[in-house]
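One-letter residues, chain by chain:
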Amino acid sequence: VKQNKKAAFILLVPLLCNLYFMGPHFIWSARLFVRTLPMNPLQRRMAFMPSLYHDMLEVQQRVPPDATIWYVAPLSPHELLYFLYPRVLRWGSPYLSDREKIRRAHPQDWVITNHSANPATDTVELFSPLQETGPRKDKD
Amino acid sequence: MGILTIYILTLVILGSGFLCERLVMKHSELSLSTEWAWTFGVGLVLWSYSLFLWNFMGAHVTATGIRAVLFVSTLVIFFYYKQFPTFRFQDIRMNLRERSWPEQISLSVLVLGLLTSWMQACSLPIYHLDAVMHFGVDAKALFHLGTYRAPFFFERGLVHNQPEYPLLVPYLEALFYWLRGFADDLSVRHLFFAIWIAFLGLLYRGLRERLPPASSWLVISIFGTLPLFTADNETQVVSGCADTAFAFYWTGMILSGVHILQGRGRPWMFRLTLFSLGVVFLKPQGWPVSWAAWFLLILALGKPRWKEGVAGFARFFALALPWLWTAHTLPREITFPPVVINGQSFAGALERIGPLTVGILLELTRLSDWGIFWIVVAICIGAWRSRPAVYYFLVPWAAQFLIYMSVYLLYPQPVSWWIASSLSRWLVHGAGLITLAVAWA
């Protein structure tokens, strides 16, 4: 019994160590929980990743769900694919300079560019189909 | 409403696993009180792989069909299962005052850890990169299309990160979306919380075979409160990534194998088959690690029983064949901009050993992620007396570790990128086995 108690005491050391490092996670989670409790899922996304999700909402509102979007960026699309689905992205070009070439090649489709790999500061620009609206940039 | 629905779905999955084991295996002595974690694992594979096979045969899944099947399943479970009135979790006495103070502390800390994960699941829709990029988008596609047999998965010109990625998690998420009627990516995080509870339950059963309840609770508390499981990154258990689920199936697979080696009978071969199916249907590295584990099992069974192992492997392989074929036909990983992955030369691989070793040591001693878990493991490994049972866990873990390290050495991405993006998660996969090895020493 004494040995068991000694072992239990020794095993408490890693547990307390976990508690020390887990404590901030608990506090962060509790604050987040309280803060997001009155929000709907959309508001939660807007509160958490405002920059990217604001752009995503704009794209979602403007581009019909069955539309095709050509992806022109040197970066992997990260979350774009998820937020824009069921709008499918097609590989356009890894070079931003090819944007107008892609637009002319697919005048009935949308084109999206992405300048940043960081989801928090994603710089997404959407370009409408040439055939419908002419060659103008829709968003700066 | 979404949270209530996901927990009802969890109970149906648990009941389905239980019925499957009881009816298919004629395992009449099966008790949910002690084996709920196993039956939940069986249920998860049963649902996700059945949906995949349905699609594989060319049929589509519809929300109405799913609701009808779930409704009938619930009725069947309700009428067949006679054990509900006597169901109780063994070893949980609600009166904390009956317990010793180390137990009281360990249980309190464990509850705090679980509460942290639960609050994280309640707060935000899935947002971690792998969770949305791999599993989330596939789940959405399955939900909208009703099948994986669509251009979104097969057409090379479409943007899709790793279309060949296994589909267990996407099918489970889509199952919930079909039930809800829309892609409720907030409530779906509770499914991962349920998997986490099942993983802890499975580990607890493994520990209880060697340790008294008090020590088992203490070890489970140490494991369950590791800081990286509640950190705001992809190691978070409710992040929506497949790593906790993979650790659950991989640990369950090896534990089933150990029980077979101990001659505990037929149900364990059934569980081994389904848990190894879970391993290959969760992550791409599931194939090499499960094949290695089967090979080691057949080797360990030796001359008198090797046929038993080969028969089990044949059953697993036959079951997994549709996914193997499908994964082979899906486009391989598309990098953007496209690059040719040739792999490292032998000399190049050798040069990576140094930085990789340093990276692993730094990761193992990172207190903010692992506490002193690996330090305690190292002390226990140094101190233990050699017992064969320990090697049942250590050898598969070593095989898994070697397979992972060979990927780090041979693939051309920088070592620092591998370490930053995946090392901690890959260590999570084997942490359950290490915990069992230390406890069984």
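Residues numbered from 1 in each chain as written. Chains lettered and ligands numbered in written order. Predicted model: local features only at pLDDT ≥ 70, side-chain atom pairs only at ≥ 80, totals over all residues. Heavy atoms only, no water.

**Let's talk about the overall build of chain B**
Phase 1 of the analysis: The helix and strand inventory of chain B stands at 17 helices and 0 strands.
Phase 2 of the analysis: By sequence separation, contacts in chain B at least 24 residues apart represent 80% of the contacts at least 6 residues apart.
Phase 3 of the analysis: Total accessible area on chain B stands at roughly 17400 Å², and carbon and sulfur atoms take up 69% of it. (Helix = DSSP H or I, 4+ residues; strand = E, 2+ residues; numbered from the N terminus. Contact = heavy atoms within 4.5 Å. Areas by Shrake-Rupley, 256 points an atom, 1.4 Å probe, with all protein chains shown as cover.)

**So, the interface of chain B and chain A**
Phase 1 of the analysis: With 57 residues of chain B at the interface, the matching set in chain A holds 44 residues.
Phase 2 of the analysis: Contact between chain B and chain A buries roughly 4800 Å² in total, counting both sides, with carbon and sulfur atoms accounting for 76%.
Phase 3 of the analysis: Here chain B and chain A share 2 salt bridges between them.
Phase 4 of the analysis: Of the charged contacts, one joins Glu155 of chain B and Arg90 of chain A as a salt bridge, the two residues approaching to 2.8 Å between their closest N and O atoms.
Phase 5 of the analysis: Counting across the interface, chain B meets chain A through 16 residue pairs in polar contact (both at pLDDT 80 or more).
Phase 6 of the analysis: Counting only elements with at least two residues in the side of chain B that touches chain A, the list comes to helix H4 (101–123), helix H5 (129–145), helix H9 (213–224) and helix H14 (367–370) of chain B. (Buried area = accessible area lost by both parts, 1.4 Å probe. Salt bridge = Lys/Arg side-chain N within 4 Å of Asp/Glu carboxyl O. Polar contact = N/O pair within 3.5 Å; in protein donor to acceptor, adjacent residues only side chain to side chain.)

**Some points on the pattern of salt bridges**
Phase 1 of the analysis: In this structure the tally under the stated criterion is 15 salt bridges over all chains.
Phase 2 of the analysis: Across the salt bridge formed by Lys101 of chain A and Asp98 of chain A, the nearest N and O atoms sit 3.7 Å from each other.
Phase 3 of the analysis: You can call Lys101 of chain A exposed: its relative accessible area is 51%.
Phase 4 of the analysis: Between Asp243 of chain B and Arg425 of chain B there is a salt bridge; the shortest N-O distance is 3.2 Å. Taken as a pair, Asp243 of chain B in helix H10 (residues 243–261) and Arg425 of chain B in helix H17 (residues 415–440) lie far apart in primary sequence, 182 residues in all.
Phase 5 of the analysis: One connected set of salt bridges, linked through shared partners, spans Asp130, Glu234, Asp243, Lys283 and Arg425 of chain B. (Buried < 20%, exposed > 50% of the residue type's maximum accessible area, 1.4 Å probe, protein only.)

**Some thoughts on the sheet that holds strand S3 (residues 110–114) of chain A**
All names here are of chain A.
Phase 1 of the analysis: Spatially, S2-S1-S3-S4 is the arrangement adopted by the 4 strands of the open sheet, whose pairing is mixed. Two strands in the sheet have a free side with no partner beyond their single neighbour: strand S2 (88–93) and strand S4 (124–127). Each adjacent strand pair in this sheet contributes to an overall mean axis angle of 30°, direction not counted.
Phase 2 of the analysis: Here 4 bridges tie strand S1 (residues 68–72) to S3, and the two strands are oriented parallel to one another. Looking across to S3, one finds that Ile69 is bridged to Trp110.
Phase 3 of the analysis: Each of S1, S3 and S4 is contacted by helix H3 (residues 50–62), which is oriented at about 15° to S4, the strand it contacts most. (Pairing = 2+ DSSP bridges. Axes fitted to C-alpha atoms, helices over the stretch in contact; angles between N-to-C directions.)

**Examining the confidence of the model for chain A**
Phase 1 of the analysis: The predicted model of chain A averages 81 in pLDDT, with 84% of residues at 70 or higher.
Phase 2 of the analysis: The low-confidence segment residues 134–140 of chain A (pLDDT under 50) makes 18 contacts with residues lying over four places distant or belonging to another chain. (pLDDT = per-residue confidence, 0-100.)

**Focus: the pairing of S1 of chain A**
Residue and element names in this part refer to chain A.
Phase 1 of the analysis: By the criterion of burial, S1 is predominantly enclosed, with 5 of the 5 residues buried.
Phase 2 of the analysis: On S1, burial covers both faces: Thr68, Trp70 and Val72 on one face and Ile69 and Tyr71 on the other are all buried.
Phase 3 of the analysis: Where S1 and S2 come together, 5 bridges link them in parallel fashion. From the neighbouring strand, Thr68 faces S2, where its bridge partner is Val88.

**Overview of empty space enclosed by the protein**
Phase 1 of the analysis: What the rule picks out here adds up to 2 cavities of 30 Å³ or more.
Phase 2 of the analysis: If you add up the space inside the largest cavity, you get close to 80 Å³.
Phase 3 of the analysis: In terms of lining residues, the largest cavity is bounded by Trp397, Gln400, Phe401, Tyr404, Met405, Leu423, Trp426, Leu427 and Gly430 of chain B.
Phase 4 of the analysis: Among the secondary structure elements, those contributing two or more residues to the lining of the largest cavity are helix H16 (388–410) and H17 of chain B.
Phase 5 of the analysis: Of all the elements, H16 of chain B adds the most residues to the lining of the largest cavity, at 5 residues.
Phase 6 of the analysis: When its volume is computed, the second largest cavity comes out at roughly 40 Å³.
Phase 7 of the analysis: If you go around the second largest cavity, the residues you meet are Leu32, Arg35, Thr36, Met39, Arg44, Ala47 and Phe48 of chain A together with Leu124 of chain B.
Phase 8 of the analysis: Those elements that place two or more of their residues in the lining of the second largest cavity are helix H1 (2–36) and helix H2 (41–48) of chain A.
Phase 9 of the analysis: Here the residues of the lining of the second largest cavity sort into 5 nonpolar, 1 polar and 2 charged. (1 Å grid on protein atoms, 1.4 Å probe; cavity = no way out; pocket = protein on both sides within 12 Å on 5 of 7 lines; lining within 4 Å. Points joined across faces, edges and corners; volume = space filled by probe spheres on them. Nonpolar A, V, L, I, M, F, W, Y, C, P; charged D, E, K, R; others polar.)

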